[in-house]
Amino acid sequence: MTPEHWFIPSLWPDGSERSWVPWRRRTGERYVAIPSRTDVQQLIPWRWTSAAAASHRVSDDRSRFSRLRDAGGVAALLGIAVASSRRRLGVSADRSIVDHVTTSLGLAAPTYGTFLFGPARANRKPVIQIHDRRGRTLVWVKVATSPLTKELLTAEVDV
């Protein structure tokens, strides 16, 4: 695991980083790291429906055309990931935080999670957009990855 991937133990407690090659048999979960593996700001599951979900945001007032155009751009990144090892990131784990949230909220499986990471700072809290196999967003979740972020999220809940 590279030092840049601080989030793997938080989001996949028993997980480890794995490389994946498109033409080999699937091992673990496959993600596209945007903008790259060394500067991850967003992790999108390597699925077309995840591209559609990743192009949608809360309070999205863009036109249908704009959302489709953006989904096409994210889908192109998924395609580029096949050829570019700079963007491929694999994780091997039995369970992830997405599985935990799905079970806790009683959501129908299967679900997938797009992970958003803020700039590197002490109060960094990953946000997970959990969606179904059609790409419909089911829930947004913030994750505490340290005692400081746990305290911040507890304060947010109290407010």
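First, a word on scope: everything that follows refers to the structure included in this document. Values in this document were obtained by computation on a predicted structure and should not be read as measured data.

### Topic: the overall build of the protein chain
Alright, step 1. Each helix and strand counted, the protein chain has 5 helices and 7 strands in total.
Alright, step 2. When the helices and strands of the protein chain are read in sequence order from the N terminus, they spell out α-β-β-β-α-α-β-α-β-β-β-α.
Alright, step 3. Partitioning the contacts of the protein chain with sequence separation of at least 6, the portion at a separation of at least 24 is 56%.
Alright, step 4. In the structure as shown, the protein chain presents an accessible area of about 9,100 Å², 55% of it carried by carbon and sulfur atoms.

### Quick word on the nonpolar core
Alright, step 1. Membership of the largest hydrophobic core comes to 20 residues, with the highest contact counts inside it found for F7, L11, W12, L43, I97, F115 and I128.
Alright, step 2. Broken down by secondary-structure element, the contributors of at least two residues to this core are α1 (8-11), β2 (29-36), β3 (39-45), β4 (88-92), α4 (97-105), β6 (127-132) and β7 (137-142).
Alright, step 3. For this core, the element with the highest residue contribution is α4, accounting for 3 residues.
Alright, step 4. When near neighbours in sequence (up to four residues on either side) are disregarded, I97 contacts L11, F115, I128 and V143.
Alright, step 5. Listed in part, the 7 residues of the second largest apolar core include V32, I34, I44 and V74.

### Points about the environment of F7
Alright, step 1. In this fold, F7 is placed in the segment before α1.
Alright, step 2. Overall, F7 belongs to the buried group, its relative accessible area being 1%.
Alright, step 3. With 33 residues separating them along the chain, F7 and V40 place their C-alpha atoms 9.9 Å apart.
Alright, step 4. The contacts of F7, once residues within four sequence positions are left out, are W12, V40, L43, L89 and F117.

So, how was this worked out
- Residues numbered from 1 in each chain as written.
- Predicted model: local features only at pLDDT ≥ 70, side-chain atom pairs only at ≥ 80, totals over all residues.
- Heavy atoms only, no water.
- Helix = DSSP H or I, 4+ residues; strand = E, 2+ residues; numbered from the N terminus.
- Contact = heavy atoms within 4.5 Å.
- Areas by Shrake-Rupley, 256 points an atom, 1.4 Å probe, with all protein chains shown as cover.
- Core = buried A, V, L, I, M, F, W, Y, C linked by side-chain atoms within 4.5 Å.
- Buried < 20%, exposed > 50% of the residue type's maximum accessible area, 1.4 Å probe, protein only.

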